[in-house]
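Descriptive structure summary
Listed below, chain by chain, are the residues.
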Amino acid sequence: MTEKDKQIKEGQDAKMLLENPLLVGAFNQILNEGYQQWISTKPEEKEARESLYHGQIAALKFKGVLIKTMENGQLLEQERKEKKHG
């Protein structure tokens, strides 16, 4: 398997994960609960807010990596199709 084949496969796997209802639900639950906890903090709970903020950012970065992997795989797959038909 070439590096390009590997990246295409990883993109397909990332797409499958991003569309998996269980993963989508878990991701949404993490973000929603984190947000609810964040807005429920008291003004003096700065450390708790910062911790919740960093948790939210980590979840969004995780999803961003999957999206980037999926998009990269799709671009490489499209490029391969164009070379084959072009």
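Read on for an overview of the structure.

What counts, and at which threshold
Residues numbered from 1 in each chain as written. Predicted model: local features only at pLDDT ≥ 70, side-chain atom pairs only at ≥ 80, totals over all residues. Heavy atoms only, no water. Helix = DSSP H or I, 4+ residues; strand = E, 2+ residues; numbered from the N terminus. Buried < 20%, exposed > 50% of the residue type's maximum accessible area, 1.4 Å probe, protein only. Contact = heavy atoms within 4.5 Å. Areas by Shrake-Rupley, 256 points an atom, 1.4 Å probe, with all protein chains shown as cover. Lys, Arg positive; Asp, Glu negative; His and termini not counted. Charge placed at Lys NZ, Arg CZ, Asp CG, Glu CD. Phe/Tyr/Trp six-rings, centres within 6.5 Å; stacked < 30°, edge-to-face > 60°. Expected span 1.5 Å × (residues − 1). Arc of directions from axis to C-beta.

**Digging into the overall build of the protein**
Within the protein one finds three helices and zero strands. In the protein, the succession of α and β elements from N to C terminus is α-α-α. Judged by the C-alpha coordinates and their principal axes, the protein covers about 60 × 20 × 20 Å. Per-residue burial for the protein yields a buried fraction of 17% across its 86 residues. Long-range contacts, defined here as pairs at least 24 residues apart, represent 74% of the contacts in the protein between residues at least 6 apart. With the model as given, the accessible surface of the protein reaches about 6,800 Å², and the carbon-plus-sulfur share is 58%. In the protein, the 14 positive side-chain charges and the 14 negative ones have mean positions that sit 4 Å from each other.

**A look at the packing of aromatic side chains**
Evaluation of the coordinates by the stated rule reveals one aromatic pair. With centroids separated by 5.9 Å and ring planes inclined at 40°, the aromatic side chains of Tyr-35 and Trp-38 adopt a geometry described as tilted. Placement of both Tyr-35 and Trp-38 in helix α2 (residues 21-39) is noted, with a separation of three residues, approximately one turn of the helix. Classification of Trp-38 as partly exposed rests on a relative accessible area of 37%.

**Describing helix α1 (residues 3-19)**
Between its first and last C-alpha, α1 extends 24 Å over 17 residues, near the 24 Å set by a 1.5 Å rise per residue. For α1, the complete set of buried residues consists of Ile-8, Gly-11, Ala-14 and Leu-18. Looking straight down α1, one finds that the buried residues subtend no more than 120° of arc, so they occupy a single side. Against α2 and α3 (46-85) lie the buried residues of α1.

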